[in-house]
Amino acid sequence: MNSQFGYENPFFSMMNKIVDCFYASFLWIVFSLPIVTAGAASTAFYYTIHKCVRGSRGYVWQSFWSAFQSNGKQMTKIWLLMLGIFAFLFTDYRIMKIAMGHGKPFGILCYGFAALLLFWTDWCMYLFAYAARFENGIKDTMKNTAIFVLLHLPWSVLVLAVLAVCVLAVYLLPPLCLLVPAGAGCLYEIILERIFCRYMPKEALDKERM
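Residues numbered from 1 in each chain as written. Predicted model: local features only at pLDDT ≥ 70, side-chain atom pairs only at ≥ 80, totals over all residues. Heavy atoms only, no water.

### Side note on helix α7 (residues 153–172)
Because an α-helix completes one turn every 3.6 residues, residues spaced three or four positions apart along the sequence face the same direction. Short version of the rule: Helix and strand definitions follow DSSP, with helices as H or I runs of at least four residues and strands as E runs of at least two, each counted in order from the N terminus. By definition here, a helix of n residues has an expected span of 1.5 Å times n minus one. Partly exposed residues are those whose accessible area sits between 20% and 50% of the maximum for their type, while under 20% is buried and over 50% is exposed, using a 1.4 Å probe and protein chains only. In this description, one arc is meant: the one made by directions from the helix axis to the C-beta atoms. Note on definitions: a residue-residue contact is assigned when non-hydrogen atoms from the two residues lie within 4.5 Å.
When the terminal C-alpha atoms of α7 are compared, their 29 Å separation across 20 residues agrees well with the 28 Å that a helix rising 1.5 Å per residue should span. Residues S156, V159, V162 and C166 constitute the buried set of α7. All buried residues of α7 lie within an arc of 115° about the axis, which places them on one face of the element. In α7, those exposed residues whose orientation departs by more than 90 degrees from the buried face are P154, V157, V165, Y171 and L172. Looking at the buried residues of α7, the elements they touch are α5 (109–133), α6 (138–151) and α8 (180–196).

### What to know about the layout of surface pockets
A water-sized probe, rolled over the atoms, reveals where empty space remains. This is how it is decided: Grid points spaced at 1 Å over the protein atoms alone were grouped into cavities, where a 1.4 Å probe fits but cannot get out, and pockets, open sets with protein on both sides within 12 Å along at least five of seven lines, with lining residues defined by an atom within 4 Å of a point. Grid points are joined across faces, edges and corners, and a volume is the space filled by probe spheres set on the points. Polar here means any residue outside two lists: the nonpolar Ala, Val, Leu, Ile, Met, Phe, Trp, Tyr, Cys and Pro, and the charged Asp, Glu, Lys and Arg; Gly therefore counts as polar.
There is about 640 Å³ of room inside the largest pocket. Lining the largest pocket are 25 residues, and of these W28, S42, M125, L163 and Y188 lie nearest its centre. Of all elements in the fold, only α2 (10–32), α3 (38–54), α5, α7 and α8 reach the threshold of two or more residues within the lining of the largest pocket. Class assignment for the residues of the lining of the largest pocket results in 21 nonpolar, four polar and no charged. Volume-wise, the second largest pocket comes out at about 310 Å³. In terms of lining, the second largest pocket is formed by 14 residues, of which the most central are Y47, A131, A132, R133 and E135. Broken down by element, the residue count for the lining of the second largest pocket peaks at four residues, all from helix α4 (residues 60–101).

What follows is the structure in structure tokens.
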């Protein structure tokens, strides 16, 4: 009787996961609203998905808040740098797009800047997850994740595809904004952990599985 209605019951376990997904998504949205804190919030969000939702270890709020505090300062600096890079790329893209519309031959460079904007998007996704899993300085974190995007290009394309589907889903059905982020986070965790595990010592991996 206890096992049928207890938390070990598959139904209740699944419902608990869904509640955790809603809660994690809610926290990510709220903590990202100031924009400046979006980088730290996304890092805390990935950590929470990895530890609580996928790993079934700990509690959502405690995990999120702990990761937000520990990564807040560095990830805010990194996020501001990434916003600066985005502003530069997007401005150049728009300028080249206008130039192409006026028949200027160099306007074709807008396609190059569009590709760089896609690279920037992938780079951000890797950054948030990497910062949640590894302790490095700003320079090494940004350099390593940029390299990962290029070294694991097929996975990077998949990361963009997942993001595109999620954005479309929320656009078509806005209430999904409280569930889609966690769903995407779980998919990203599956994808990115396959990559990160290649660069983690066996002792660290064994410790996590205990």
